Amino acid sequence: MPSYDIITLTTARLTLRPQVMDDFPAYAAFLASPRAVGVGGPMDERSAWGLFCHDLAQWPLLGHGALMIDLNATGACIGQVGINHGPLFPERELGWLLYAGHEGQGYATEAAAALRDWGFSALALSTLVSYMTPTNAASAQVARRLGGVLDATAPRMDTTDRVYRYRPHAQR
């Protein structure tokens, strides 16, 4: 079985780090809220726990997974970014979520760009996708800032999802 250390990435304003138990209450609260509709929510605590464990379990199983997003200035955890796969996603998915009050400041773009670039470099991935509901204009804007291009032919679990595809710089 593959075994991988969980990475930590640092950007100008953020630290992307492995999740810890203290992250679960805020994560579960986000998933219980109406804001979680784009990631399959709202969810009860049991379902949130399953997804939290999935986010962590991908690291030793697949060599990638989710990282929590901390603000360098304060240390506050403001959300999560991840490269997801396994039975929940037909392709490797670059996903992100921000807790209330942290939107519109470029944090999702900064975090997702760092993890996307790591995935292309360290894992030699040839592509990543982001799945989102058609009404999630903010995430679509992030995807476009990251260089994502709509891919109408991409496989998807939910036929209504929009799929944005990313390629390494040389292939864009």
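Residues numbered from 1 in each chain as written. Predicted model: local features only at pLDDT ≥ 70, side-chain atom pairs only at ≥ 80, totals over all residues. Heavy atoms only, no water.

Engineer: Which parts of the structure should I look at to understand the overall build of the protein?
Structural biologist: Secondary structure summary: the protein contains four helices and eight strands in total. Along the protein, helices and strands appear, N-terminal first, in the series β-β-α-α-β-β-β-α-β-α-β-β. Since a compact globule built from 172 residues should have a radius of gyration of about 16 Å, the 15 Å found for the protein is in line with a globular shape. The principal-axis extents of the C-alpha atoms in the protein amount to approximately 40 × 35 × 30 Å. Within the protein, the fraction of its 172 residues that count as buried is 50%. Residue pairs at least 24 apart in sequence account for 62% of intrachain contacts in the protein once pairs closer than 6 positions are excluded. With an accessible surface of roughly 8,500 Å², the protein has 58% of that area assigned to carbon and sulfur atoms. Side-chain charges of the protein comprise 13 positive and 15 negative groups, with the mean position of each set lying 9 Å from the other. (Helix = DSSP H or I, 4+ residues; strand = E, 2+ residues; numbered from the N terminus. Rg over C-alpha atoms; globule rule 2.2 N^0.38 Å. Buried < 20%, exposed > 50% of the residue type's maximum accessible area, 1.4 Å probe, protein only. Contact = heavy atoms within 4.5 Å. Areas by Shrake-Rupley, 256 points an atom, 1.4 Å probe, with all protein chains shown as cover. Lys, Arg positive; Asp, Glu negative; His and termini not counted. Charge placed at Lys NZ, Arg CZ, Asp CG, Glu CD.)

Engineer: Looking at this model, I keep getting lost on the layout of surface pockets. Mind explaining?
Structural biologist: The gaps left among the atoms become clear once a water-sized probe is rolled over them. In this structure, the largest pocket occupies an estimated 1,100 Å³ of space. Around the largest pocket, the lining is made up of 50 residues, and of these Gly38, Val39, Glu93, Trp96 and Tyr131 lie nearest the centre. Elements supplying a minimum of two residues to the lining of the largest pocket: helix H1 (24–32), helix H2 (45–62), strand E4 (77–84), strand E5 (93–98), helix H3 (107–122), strand E6 (128–132) and helix H4 (137–145). The element best represented in the lining of the largest pocket is E5, accounting for six residues. When grouped by side-chain class, the residues that make up the lining of the largest pocket number 25 nonpolar, 17 polar and eight charged. (1 Å grid on protein atoms, 1.4 Å probe; cavity = no way out; pocket = protein on both sides within 12 Å on 5 of 7 lines; lining within 4 Å. Points joined across faces, edges and corners; volume = space filled by probe spheres on them. Nonpolar A, V, L, I, M, F, W, Y, C, P; charged D, E, K, R; others polar.)

Engineer: I'm lost on the pattern of salt bridges in this one. Help?
Structural biologist: Side-chain pairs of opposite charge can arise whenever the charged atoms involved come near each other. Taken as a whole, this structure holds seven salt bridges when the rule is applied. We note a salt bridge from Glu91 to Arg165, for which the minimum N-O separation is 2.8 Å. With Glu91 in the loop between E4 and E5 and Arg165 in strand E8 (residues 162–166), this pair connects stretches of sequence that are 74 residues apart. Each of Arg17, Asp23 and Asp70 takes part in one network of salt bridges that share partners. (Salt bridge = Lys/Arg side-chain N within 4 Å of Asp/Glu carboxyl O.)

Engineer: Explain H1 to me, please; I cannot follow it from the model alone.
Structural biologist: Given 3.6 residues per turn, any residue in an α-helix points the same way as the ones three and four places further on. Residues of H1 that are buried: Phe24, Tyr27, Ala28, Phe30 and Leu31. Viewed along the axis of H1, the buried residues span an arc of 160°, placing them on a single side of the element. (Arc of directions from axis to C-beta.)

Engineer: Would you take a moment to explain the packing of aromatic side chains for this structure?
Structural biologist: Aromatic rings in a pair are described by how distant their centres are and how their planes are angled relative to each other. Enumeration over the complete set of coordinates arrives at seven aromatic pairs. Their ring planes at 45° and their centres at 6.1 Å tell us that Phe30 and Tyr99 sit as a pair that is tilted. One end of the pair, Phe30, is in helix H1; the other, Tyr99, is in the loop between E5 and H3, with 69 residues separating them in the sequence. The exposure classification of Phe30 matches that of Tyr99, with both residues buried. Three or more aromatic residues joined by ring pairs make a cluster, and in this case those are Phe24, Tyr27, Trp49 and Phe52. (Phe/Tyr/Trp six-rings, centres within 6.5 Å; stacked < 30°, edge-to-face > 60°.)

Engineer: What am I meant to see in the nonpolar core here?
Structural biologist: Judged by nonpolar contacts, the single largest core of 32 residues is most densely connected at Leu16, Val81, Leu94, Trp96, Leu115 and Tyr166. When contributions to this core are tallied by element, the ones reaching two or more residues are strand E2 (14–17), strand E3 (66–71), E4, E5, H3, E6, H4 and E8. In terms of residues, this core owes the most to one element, H3, which gives nine residues. Listed in part, the 13 residues of the second largest apolar core include Ala28, Leu31, Met43 and Leu51. (Core = buried A, V, L, I, M, F, W, Y, C linked by side-chain atoms within 4.5 Å.)

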